[in-house]
Amino acid sequence: MEKKVIRLAVFVSGGGTNLENIINYFSKDERVEVSVVVSNREDAYALVRAKNHHVPSCVITRKQFSDEPDVVMNAVKDCDYIILAGFLVRIPDYLIDAFPKRIINIHPALLPKYGGKGMHGHHVHEAVKAAGEKESGITIHYVNNELDAGEHIAQFRVALTEDDTADSIAEKIHVLEQAHFPQVIERVIFGL
Ligand code: GAR
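Residues numbered from 1 in each chain as written. Predicted model: local features only at pLDDT ≥ 70, side-chain atom pairs only at ≥ 80, totals over all residues. Heavy atoms only, no water.

Participant: For the packing of aromatic side chains, give the residues involved together with the corresponding values.
Facilitator: The final tally for this structure, using the stated rule, is four aromatic pairs. When the ring of Phe-11 is compared with that of Phe-65, the centres are 5.8 Å apart and the planes differ by 70°; the resulting orientation is edge-to-face. Taken together, the residues Phe-11 in strand β1 (residues 6-12) and Phe-65 in helix α3 (residues 62-67) connect sequence positions 54 residues apart. For the pair formed by Phe-11 and Phe-65, the shared burial category is buried. Between the aromatic rings of Tyr-25 and Phe-26, the centroid separation amounts to 5.1 Å while the plane-to-plane angle is 90°, which identifies the pairing as edge-to-face. (Phe/Tyr/Trp six-rings, centres within 6.5 Å; stacked < 30°, edge-to-face > 60°. Helix = DSSP H or I, 4+ residues; strand = E, 2+ residues; numbered from the N terminus. Buried < 20%, exposed > 50% of the residue type's maximum accessible area, 1.4 Å probe, protein only.)

Here's what the structure looks like:
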């Protein structure tokens, strides 16, 4: 009998370091395939990374996400899970309904703190620094209809010092993301 491959769609908007880490991690696992990369921006460096790894990709604009559900559904039609790896477009309800508990996001802070509208990437680290937090971290969670409010799957923490800047916090968060995101995805898709 042919073994079923679990297919991931990875949605990106930016640099794609998480995307690349996910591709590399699962390249050693024949049960999992990154089948498609979807970017809302045609200039996202993540698209170059996808191309370098011979992963098919497409651009679907923010407007298309809201106005053209068929285009989005067609892009992910063969996929089992959608992974948001630095994706900055709100996920529309039709997609959440089509992938219940099958859309996973990574957020660069310890939700519920520093989530919601405008809280992404460097804005998060600047807010964490301004608040003088003693720690930050990452939250990997399911996506539901409320921004950054879906059920948590895992959190990882890192201590901050007074000397940390938004940039050094970003670097600490990057290390956590690289160390944990693919492994958590693996746990979810295999029910571990
Ligand atoms: C990551 O830090 C991710 O946690 C964050 O964007 C960055 C993308 O980096 N996501 C959010 O802020 C979502 N609200 P990458 O493109 O290099 O993977």
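Participant: Quick one: what's the story with the site of the ligand, residue by residue and with numbers?
Facilitator: Inspection of the region around the ligand gives 13 residues, with Gly-16, Thr-17, Asn-18, Gly-121 and Glu-177 positioned closest. Here an oxygen atom of the ligand sits 2.7 Å away from a polar atom, N or O, in the main chain of Gly-16. Note that an oxygen atom of the ligand is positioned 2.4 Å from one of the side-chain N or O atoms of Glu-177. A total of 450 Å² of accessible area belongs to the ligand in isolation, and the protein chains cover 86% of it. (Near = heavy atom within 4 Å. Polar contact = N/O pair within 3.5 Å; in protein donor to acceptor, adjacent residues only side chain to side chain. Areas by Shrake-Rupley, 256 points an atom, 1.4 Å probe, with all protein chains shown as cover.)

Participant: Summarise the nonpolar core; cite the residues concerned and give the values.
Facilitator: In this structure, Leu-8, Ile-83, Ile-104, Ile-140 and Phe-181 are the most contacted members of the largest nonpolar core, which totals 40 residues. Ranked by residues supplied to this core, first place goes to helix α7 (residues 166-189) with eight residues. Formed by 19 residues, the second largest nonpolar core is a distinct cluster that contains Val-38, Cys-79, Ile-96 and Ile-103. (Core = buried A, V, L, I, M, F, W, Y, C linked by side-chain atoms within 4.5 Å.)

Participant: Outline the pattern of salt bridges, listing residues and values.
Facilitator: Under the defined criterion, the tally for this structure stands at eleven salt bridges. The residue Arg-41 makes a salt bridge to Asp-43 at a minimum N-O spacing of 2.9 Å. Using a relative accessible area of 42% as the deciding quantity, one classes Arg-41 as partly exposed. The exposure class assigned to Asp-43 is exposed, which follows from its relative accessible area of 53%. With its nearest N and O atoms 2.7 Å apart, the salt bridge here joins Asp-164 to Lys-172. Residue classification places Asp-164 among the buried positions, given a relative accessible area of 6%. Since its relative accessible area comes to 24%, Lys-172 is described here as partly exposed. (Salt bridge = Lys/Arg side-chain N within 4 Å of Asp/Glu carboxyl O.)

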